[in-house]
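# Overview (structure and organization)
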Amino acid sequence: MVLALCLGGHAGAQAIETPAEEAILMDHETGQVIFAKNAEERTPPASMTKIMTSYLVFERLKDGRLSLDDTFVVSKKAWQKGGSKMFVEVGNEVSVENLLHGVIVQSGNDASIVLAEGIAGTESAFAEMMNAKARELGLDETTFRNSTGWPHPEHLTSVEDLAKLSRALISNFPEYYHLFAEPDFTWNDIRQFNRNPLLDRNMGVDGIKTGHTQKAGYGLTASAKRKDRRLILVVNGLDSAKQRAQEAARLLEWGF
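Residues numbered from 1 in each chain as written. Predicted model: local features only at pLDDT ≥ 70, side-chain atom pairs only at ≥ 80, totals over all residues. Heavy atoms only, no water.

Along its length, the protein carries eight helices and twelve strands. For 256 residues, the compact-globule estimate of 2.2 N^0.38 gives 18 Å, and the protein sits close to it at 17 Å. Seen through its C-alpha atoms, the protein measures out along the principal axes to roughly 60 × 35 × 35 Å. Long-range pairs, those at least 24 residues apart, make up 61% of the contacts in the protein with a sequence separation of at least 6. Accessible area for the protein stands at about 11000 Å²; split by element, carbon and sulfur atoms hold 47% of it. Each charge class in the protein was averaged separately, 28 positive and 34 negative side chains, and the resulting centres sit 3 Å apart. (Helix = DSSP H or I, 4+ residues; strand = E, 2+ residues; numbered from the N terminus. Rg over C-alpha atoms; globule rule 2.2 N^0.38 Å. Contact = heavy atoms within 4.5 Å. Areas by Shrake-Rupley, 256 points an atom, 1.4 Å probe, with all protein chains shown as cover. Lys, Arg positive; Asp, Glu negative; His and termini not counted. Charge placed at Lys NZ, Arg CZ, Asp CG, Glu CD.)

Shown next, in the form of structure tokens:
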């Protein structure tokens, strides 16, 4: 266990230990960092990448460039992508609303690619849009190479950047943020449950996104609200899904 740096300045605040390789706990309202461990270190975000994919879709919904009823065609590239899937079928037209559920609830790599290609023409062009938005939001340690978090040596961010991104998403798109709390979604007769392990723990958690690859380990970007206070937590580099759930819950409880 390694001591994290406590930066909150609250009366009685103490240092806390965490086995996570990287961690940050942030107050949503003020942006104050309560504690951080290797928060600026670049790390693979895995499927936590989909927070930015969702951000760009929300932005286009809010300004009218997209509607939830718009449809995009599923390409062969999207259909055959491995990892987590929504299980869309090649050649089908799928609505933006359903694709968002596929990305957010089911963590579908296929759904992420369909949205990326529908918006930008190619996934690589969409990744450049993601990078431009990252610069605009001040995410200085972030480089995206795809819409899914699929491993790529240059596809990196920091837990601090993920916390900043999540803070912006919650603030800018309250009308869509509720999607991250949905417990399950069924597509193609396949019911899948939200991968966020804290949603059903009655601790105020209402988002946001898990991530896991062999290199990154197990990660979670979570947000919880109690009364008028909302916290954002990002952890990465944990050893198992069980440890991720236990550690994230413990750190949020400590923060509150």
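It is worth spelling out the packing of helix 3 (residues 96-104) against helix 4 (residues 109-120) at this point. For the pair helix 3 and helix 4, the least separation of the axes is 8 Å and the interaxial angle reads 135°. Considering their axes alone, helix 3 and helix 4 lie oblique with respect to each other. In this structure, helix 3 crosses over helix 4, and the sense of that crossing is left-handed. Contacts between helix 3 and helix 4 pair Val96, Leu99, Leu100, Gly102 and Val103 from the former with Ala111, Ser112, Val114 and Leu115 from the latter. Class assignment for the residues of the contact of helix 3 with helix 4 results in seven nonpolar, two polar and no charged. (Axes fitted to C-alpha atoms, helices over the stretch in contact; angles between N-to-C directions. Parallel < 35°, antiparallel > 145°, perpendicular 65-115°, else oblique. Left-handed = near helix turned anticlockwise from the far one by under 90°. Nonpolar A, V, L, I, M, F, W, Y, C, P; charged D, E, K, R; others polar.)

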